[in-house]
Amino acid sequence: PIDRLIAVMARLRDAEGGCPWDLAQNFATVAPYTIEEAYEVADAIDRDDMAGLEEELGDLLFQVVFHARMGEEIGKFDFNSVAEAIVAKMLRRHPHIFAQTGDIGVSAVNDNWESIKAEERARREPEDGVTRSVLDGVARNLPALLRAEKLQQRASRVGFDWGAPEPILDKIAEEIAELGAELQIADKARMQDELGDVLFAVVNLARHLEIDAEVALRGTNAKFERRFKFIEQMLLNEGKTPSTSSLEEMDALWRKAKNAEK
């Protein structure tokens with residue numbers, strides 16, 4: 001089946017009779033679709049939709065094949081080299097399995113994984129003589145909350161971290177106070193900067209509490225959606241809509257929805 005998929009992709013990108021849309025794409029234009037498909041995989045998992053997950057994984061695999069085909073066209077890599085590279089990486093990063101180094105626990109596996117990744121980064125030559133940073137390699141296009149967490153994790157490895165979650169609460173309060181001060185000045189750029197500091201500190205707290213900030217926020221998004229739809233339904237039962245209702249009416253229904261979930 002994978003050979004057939006690769007052949008389909010080659011046909012779509014065939015300069016003679018291929019699909020005009022597929023032929024017009026490049027790595028940059030396809031990248032947003034790749035990100036979107038990854039999120040749709042995560043969404044199917046969240047909904048425990050196995051049939052949907054199967055379909056979304058296929059869509060994501062197609063993205064890999066698409067990029068591999070474009071790489072092959074410019075002579076940089078192809079699907080086989082991509083697969084070979086990830087096989088080599090997994091063998092290298094699992095010496096406890098493939099090198100027969102003995103049984104180790106989950107914590108040791110994680111430490112070993114990070115150590116091997118650090119060695120791989122150290123072997124790469126820095127470009128243009130730029131000093132290598134422990135923060136190098138954290139993808140810039142990651143969701144902001146996830147990237148904040150990964151940057152904090154990297155800094156933590158060299159001791160730049162809070163020792164406990166409690167002081168981070170004080171830091172969050174400090175950042176909120178600074179944001180409040182900027183509200184009085186009403187400089188949007190400065191407010192944006194302070195709001196970013198608040199969010200970064202909140203992610204730091206989540207990390208110390210061993211809570212995934214992305215998962216936590218998705219849960220709150222779902223909760224907001226659920227409660228707001230309750231408001232809409234209750235208003236509809238009375239022949240109203242949110243736009244024809246007061247904030248007080250909607251707030252009362254919000255509290256009702258909240259109490260119903262307790």
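Just so it is clear, the model here is predicted, and its values are computed rather than measured. (Residues numbered from 1 in each chain as written. Predicted model: local features only at pLDDT ≥ 70, side-chain atom pairs only at ≥ 80, totals over all residues. Heavy atoms only, no water.)

Q: Honestly, the side chain of Glu214 in this entry has me stumped. Any pointers?
A: Inspection of the secondary structure puts Glu214 in helix α11 (residues 213–237). One buried charged residue, Glu214, forms no salt bridge at all, with the nearest opposite charge on Arg218 at 4.1 Å. Side-chain polar atoms of Glu214 contact the backbone nitrogen of Leu146, separated by 3.5 Å. If we skip the residues at most four places from it in the chain, Glu214 touches Pro143, Leu145 and Leu146. (Helix = DSSP H or I, 4+ residues; strand = E, 2+ residues; numbered from the N terminus. Buried < 20%, exposed > 50% of the residue type's maximum accessible area, 1.4 Å probe, protein only. Lys, Arg positive; Asp, Glu negative; His and termini not counted. Salt bridge = Lys/Arg side-chain N within 4 Å of Asp/Glu carboxyl O. Polar contact = N/O pair within 3.5 Å; in protein donor to acceptor, adjacent residues only side chain to side chain. Contact = heavy atoms within 4.5 Å.)

Q: Whenever I open this one, the packing of helix α9 (residues 166–185) against helix α10 (residues 188–208) confuses me. Can you help?
A: Packed helices, taken two at a time, are described by their axes: the angle between them and the distance between them. Contact geometry of α9 with α10 gives a least axis separation of 9 Å together with a crossing angle of 165 degrees. The angle between α9 and α10 places the two elements in the roughly antiparallel class. Like other packed secondary-structure pairs, α9 and α10 cross with a definite hand, here left-handed. Contacts from Ile168, Leu169, Lys171, Ile172, Glu175, Ile176, Glu178, Leu179, Glu182, Leu183 and Ile185 of α9 reach α10 at Arg190, Met191, Glu194, Leu195, Asp197, Val198, Ala201, Val202, Asn204, Leu205 and His208. (Axes fitted to C-alpha atoms, helices over the stretch in contact; angles between N-to-C directions. Parallel < 35°, antiparallel > 145°, perpendicular 65-115°, else oblique. Left-handed = near helix turned anticlockwise from the far one by under 90°.)

Q: Whenever I open this one, the pattern of salt bridges confuses me. Can you help?
A: Any two side chains of opposite charge can pair, given that their charged atoms come close. Counted according to the given criterion, the structure contains 16 salt bridges. Asp161 is paired through a salt bridge with Arg207; the nearest N and O atoms lie 2.7 Å apart. Here Asp161, found in the loop between α8 (144–157) and α9, pairs with Arg207, found in helix α10; they are 46 residues apart in sequence, far enough to count as distant. A relative accessible area of 14% places Arg207 in the buried class. A salt bridge links Arg227 to Glu261; the shortest N-O distance between them is 3.0 Å.

Q: For this particular structure, what's the right way to read helix α12 (residues 247–260)?
A: Counting along an α-helix, one turn takes 3.6 residues, and residues three or four places apart therefore face a common direction. Here α12 is 14 residues long and its end C-alpha atoms lie 20 Å apart, about the 20 Å a rise of 1.5 Å per residue gives. Where α12 is buried, its residues touch α11. (Expected span 1.5 Å × (residues − 1).)

Q: How should the nonpolar core be read in this particular structure?
A: One recurring pattern in soluble globular proteins is that nonpolar side chains are buried together. If you look at the biggest cluster of nonpolar residues, it comprises eight residues: Leu5, Met9, Val30, Val65, Phe66, Ala68, Met70 and Phe79. Among the elements of the structure, α1 (2–12) and α4 (50–73) are those that each provide at least two residues to this core. Those residues in contact with Leu5 that lie beyond four places of it in its chain are Leu61, Phe62 and Val65. Formed by five residues, the second largest nonpolar core is a distinct cluster that contains Leu145, Ala148, Val203 and Ala206. (Core = buried A, V, L, I, M, F, W, Y, C linked by side-chain atoms within 4.5 Å.)

Q: Looking at this model, I keep getting lost on the packing of aromatic side chains. Mind explaining?
A: The relative placement of two aromatic rings is captured by the distance of their centres and the angle of their planes. Evaluation of the coordinates by the stated rule reveals five aromatic pairs. Ring geometry for Phe62 against Phe66: centres 5.9 Å apart, planes inclined by 75 degrees, an arrangement best described as edge-to-face. Residue Phe62 and its partner Phe66 are located together in helix α4, separated by four residues, close to a single helical turn. Residue Phe62 is classed as partly exposed on the basis of its relative accessible area, which comes to 21%. Owing to a relative accessible area of 2%, Phe66 belongs among the buried residues under this scheme. Of the aromatic side chains, those joined through ring pairs into one cluster are Phe224, Phe228 and Trp254. (Phe/Tyr/Trp six-rings, centres within 6.5 Å; stacked < 30°, edge-to-face > 60°.)

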